[in-house]
Amino acid sequence: MRVLMVGCGNMGFAMLKAWIESGCLSPDETGVVEPSEEGRARVAALGASTFADPPSPDDFGAELIVLAVKPQVMADIAPAYRSATARGAAVLSIAAGLPIRRYEEIYGDQTPIIRVMPNTPAAIGEGMMAYIANDAAGGALIANVRKLLETNGAVAELEEESQMDAVTAISGSGPAYVFHFIEALAEAGEKLGLSADLAALLARQTALGAAKLAADGETDPAELRRQVTSPNGTTAAGLAMMMTDDRLKTMMAEVADAARRRSIELSS
Ligand SMILES: NC(=O)c1ccc[n+]([C@@H]2O[C@H](COP(=O)([O-])OP(=O)(O)OC[C@H]3O[C@@H](n4cnc5c(N)ncnc54)[C@H](OP(=O)(O)O)[C@@H]3O)[C@@H](O)[C@H]2O)c1
């Protein structure tokens, strides 16, 4: 499948890197449209073709256009790829907020369109990729796109597009919440007198180990938490600060709701 990625910043590059490095996508079949010279250079290092401006369908012959620009500029950028979709290319969008009908307004509802919400651990094959397709997207296309997404991590098909705002709030934005938790744990360590380096190491490794223990889903995170918590011990003292009056749960519900509301705003 000849793939043309439009915009290759933080998220697009994270996905593309795994597609090419896994061998799932040949660099010969891959093109990237990216205005930034630095952005083009790192794509060229993967062996893919790069363009500062949209190539004509005759020049590249894309079968899949991956739209990976910011939602706020999508309406200005996406129409340049109408000639490619008119010649049969499908569209995969990673943009937050924008619903499939927006792309159908640009390309027509006979164009196969898949919307995916990725996250940045996609770069190392540990992402969460949740997608939904329009009626024009056939089984063969979806299977090929799933093969690419599987190189990025776990893949889930949504039941309906209305789930996408909540998915964006949880797994799309989620890595940032976890990174901030790591920052906060390290800063707390410094406040207790540890050096910055040691506190950062303790916080990073603890997050990694805990995530790996929770990753297979076999043991409930609540049970894993109980296994750390000796009666009347240190963890119980710490957790009381998080759990009394559902302090952390209340905050996380507010965090997720703010992100979901922003996703909805971006759609209009
Ligand atoms: N970052 C995430 O964790 C994440 C997660 C899920 C979904 N998303 C979605 O992914 C999309 C990209 O986000 P991002 O964080 O990767 O943003 P980003 O790092 O800013 O990447 C967007 C890229 O598009 C380039 N661009 C601008 N105008 C262009 C044009 N006319 N043609 C081609 N490329 C153009 C930008 O170049 P310049 O910088 O030179 O303008 C930039 O390199 C967004 O829609 C976002 O909602 C992001």
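Predicted model only: the values in this text are computed from it and were never measured.

Caption draft 1: Structural context of the sheet that holds strand S3 (residues 49-51). Across the sheet, 8 strands lie side by side as S3-S2-S1-S4-S5-S6-S7-S8; this open sheet has mixed pairing. At either end of the open sheet lies a strand with only one pairing partner, and these are S3 and strand S8 (153-157). Ignoring which end each strand starts from, the neighbouring axes of this sheet average 20° apart. In this structure, strand S6 (residues 113-117) lies alongside strand S7 (residues 127-133), joined through 4 bridges in antiparallel fashion. By the bridge assignment for S7, Ile114 is matched with Ala133. Against the sheet, helix H8 (residues 164-172) engages S6 and S7, with an angle of about 40° to S6.

Caption draft 2: Structural view of helix H13 (residues 247-266). Here H13 contains 20 residues, and its C-alpha end-to-end distance of 29 Å stays within 8% of the 28 Å for a straight helix at 1.5 Å per residue. Looking at the buried residues of H13, the elements they touch are helix H4 (71-77), H8 and helix H9 (174-191).

Caption draft 3: Looking closely at the packing of H9 against helix H10 (residues 196-215). H10 packs onto H9 with a crossing angle of 140° between their chain directions and a minimal axis gap of 8 Å. Judged on the interaxial angle alone, H10 and H9 are oblique. Crossing of H9 against H10: the hand is right-handed. From H9, Ile182, Leu185, Ala186, Gly189 and Glu190 reach across to H10, where they touch Ala196, Ala199, Ala200, Ala203, Arg204 and Ala207. By residue class, the composition of the contact of H9 with H10 is 8 nonpolar, 1 polar and 2 charged.

Caption draft 4: The nonpolar core, seen in detail. If you look at the biggest cluster of nonpolar residues, it comprises 33 residues, and the most contacted ones within it are Met15, Leu16, Trp19, Leu64 and Leu149. Going through the elements one at a time, strand S1 (3-6), helix H1 (10-21), strand S4 (64-67), strand S5 (90-93), S6, S7 and helix H7 (139-150) are the ones with two or more residues in this core. Of all the elements, H1 adds the most residues to this core, at 7 residues. Excluding residues within four positions of it along the chain, Met15 makes contact with Ile94, Val116, Pro118, Ala122, Met129, Leu149 and Asn152. Listed in part, the 28 residues of the second largest apolar core include Val33, Phe51, Phe60 and Tyr107.

Caption draft 5: Up close: the site of the ligand. Close to the ligand lie 21 residues; Asn10, Met11, Glu34, Val69 and Ala96 are nearest. Contact between the ligand and Glu34: an oxygen atom at 2.8 Å from a side-chain N or O atom of the residue. Within the backbone of Ala96, a nitrogen or oxygen atom sits 3.0 Å from an oxygen atom of the ligand. A total of 880 Å² of accessible area belongs to the ligand in isolation, and the protein chains cover 72% of it.

Caption draft 6: Layout of unusual backbone geometry. One non-glycine residue with positive phi stands out, namely Asn232, at about 55°. Judged by relative accessible area, which is 80%, Asn232 ranks as exposed. Positive phi values are uncommon outside glycine, yet Asp246 reaches one of about 55°. Here Asp246 is to be found in the loop between helix H12 (234-243) and H13.

Rules of the game
Residues numbered from 1 in each chain as written. Predicted model: local features only at pLDDT ≥ 70, side-chain atom pairs only at ≥ 80, totals over all residues. Heavy atoms only, no water. Pairing = 2+ DSSP bridges. Helix = DSSP H or I, 4+ residues; strand = E, 2+ residues; numbered from the N terminus. Axes fitted to C-alpha atoms, helices over the stretch in contact; angles between N-to-C directions. Contact = heavy atoms within 4.5 Å. Expected span 1.5 Å × (residues − 1). Parallel < 35°, antiparallel > 145°, perpendicular 65-115°, else oblique. Left-handed = near helix turned anticlockwise from the far one by under 90°. Nonpolar A, V, L, I, M, F, W, Y, C, P; charged D, E, K, R; others polar. Core = buried A, V, L, I, M, F, W, Y, C linked by side-chain atoms within 4.5 Å. Buried < 20%, exposed > 50% of the residue type's maximum accessible area, 1.4 Å probe, protein only. Near = heavy atom within 4 Å. Polar contact = N/O pair within 3.5 Å; in protein donor to acceptor, adjacent residues only side chain to side chain. Areas by Shrake-Rupley, 256 points an atom, 1.4 Å probe, with all protein chains shown as cover.

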